Amino acid sequence: MRMGTERLEVVVVGGGADGLELAFNLHERWRKAFRKGAKITFITSGKDLLDEKGNKAIAEVEKMLRGREIKWYTEMNVTQVEKDCVYAIKKGKTHTFQTQVTFWSTGIAPLDFYQRTTLPEFMGYFLVDSQLTLYGMENVFAAGDCAQLYGPVMDYVQHGKVKTDSDTRENLLNWRPNPPKKGEYSAAAGEVLGKNIYQYLTHGKLNGWKPKKDPMLTIGLGNRLAIGTKMGVVSMGEMAWKTKNHYNKMFVKKFHREQLFKGQVEPSNSKFYWFNFSG
């Protein structure tokens with residue numbers, strides 16, 4: 001049964017793999033639901049569709065977008081969203097996009113809360129060492145989207161505070177969080193975080209963590225297809241989707257209680273507080 005006879009106008013705001021996967025899957029689902037499918041527009045403020053994944057991966061993604069008649073715009077900042085219209089600006093010129101449904105899939109940004117604390121932070125992210133303890137502290141932990149390894153930013157930081165010299169301010173214009181604020185890094189850090197909290201409460205040895213330089217990236221295209229890339233190699237098709245589906249199921253399974261404390265005794269009689277600072 002068709003839900004309508006008109007072509008649905010959709011705008012997806014936000015780059016990276018998440019926004020692209022959303023656009024691809026909306027196209028696949030709604031081409032079946034609406035007689036004329038959906039007209040999808042993809043807007044990102046980034047210079048490329050996929051940061052740091054190479055020209056070959058970007059070219060394949062662009063090919064997939066063209067094949068599905070999904071229009072994309074890079075280096076464009078959305079300034080206003082209304083019920084039936086999205087306004088964006090690029091190089092001083094305002095662009096208007098008609099829409100019936102708008103999806104917001106932008107990246108991570110730190111909350112102002114971090115900058116109002118006395119805890120060591122950099123650009124709004126808590127500074128941690130490889131064991132995910134805060135700079136200069138042994139019993140405060142942070143990982144994922146709220147944390148930044150302090151090693152790569154020591155040129156900018158002194159005693160947990162940002163330097164104020166002109167060279168530092170100039171370099172900060174090109175600074176990017178390390179590790180990048182992406183799910184694969186947060187998941188990997190989360191495993192070490194959980195183990196280290198347990199080790200601390202039971203007086204064990206803390207583990208170190210080093211982010212992978214080029215983790216595998218897979219983007220679902222809908223209809224049991226995906227595109228994957230790692231170390232410059234790009235694959236596409238059902239096998240890439242099966243790989244993505246396998247790892248997604250493994251990730252979700254980690255949150256089952258029996259997996260969280262597998263082979264461990266849940267710590268008791270310990271005063272421990274967990275704060276979630278996700279935006």
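Thresholds applied
- Residues numbered from 1 in each chain as written.
- Predicted model: local features only at pLDDT ≥ 70, side-chain atom pairs only at ≥ 80, totals over all residues.
- Heavy atoms only, no water.
- Pairing = 2+ DSSP bridges.
- Helix = DSSP H or I, 4+ residues; strand = E, 2+ residues; numbered from the N terminus.
- Axes fitted to C-alpha atoms, helices over the stretch in contact; angles between N-to-C directions.
- Contact = heavy atoms within 4.5 Å.
- Salt bridge = Lys/Arg side-chain N within 4 Å of Asp/Glu carboxyl O.
- Buried < 20%, exposed > 50% of the residue type's maximum accessible area, 1.4 Å probe, protein only.

**Student:** Got a minute to help me understand the sheet that holds strand β2 (residues 38-43) in this structure?
**Tutor:** Strand pairing within a sheet occurs via backbone hydrogen bonds; the two strands may be parallel or antiparallel. Sheet architecture is open: 4 strands sit in the order β3-β2-β1-β7, paired in parallel fashion. On the outer flanks of this sheet lie β3 (71-73) and β7 (101-104), each paired with one strand and no other. Across the sheet, the mean angle from the axis of one strand to that of its neighbour is 15°, orientation sign disregarded. Where strand β1 (residues 8-13) lies against β2, 6 bridges are found, and the strand directions are parallel. Residue pairing in the sheet places V10 in a bridge with I40 of β2. Sheet contacts for helix α1 (residues 16-33): β1, β2 and β7; angle to β2, the most-contacted strand, approximately 175°.

**Student:** Looking at this structure, I do not really get the pattern of salt bridges. What am I missing?
**Tutor:** Once the charged atoms of two side chains with opposite charge are near each other, the side chains can pair. Taken as a whole, this structure holds 4 salt bridges when the rule is applied. Here K244 makes a salt bridge to E21, at a shortest N to O gap of 3.0 Å. Placement of the pair is K244 in helix α5 (residues 238-253) and E21 in helix α1, with a sequence separation of 223 residues. A relative accessible area of 13% places K244 in the buried class. Look at E21 and you get partly exposed, because its relative accessible area is 23%. Residues R224 and E238 are paired through a salt bridge, measuring 3.7 Å at the closest nitrogen-oxygen approach. Of the two residues, R224 is situated in the loop between β13 (217-222) and β14 (225-230) and E238 in helix α5; the sequence distance between them amounts to 14 residues. By relative accessible area, R224 is classed as partly exposed at 43%.

**Student:** What's the story with the sheet that holds strand β5 (residues 85-90) in this structure? I'm lost.
**Tutor:** Strand order across the open sheet formed by 3 strands is β4-β5-β6, with antiparallel pairing between neighbours. Looking at the sheet topology across the chains shown, the edges are occupied by β4 (77-82) and β6 (93-98). Each strand of the sheet is rotated relative to its neighbour by a mean of 20°, with strand direction disregarded. As defined by bridge partners, β4 adjoins β5 across 5 bridges and the pair is classed as antiparallel. Note on β5: the bridge partner recorded for N77 is I89.

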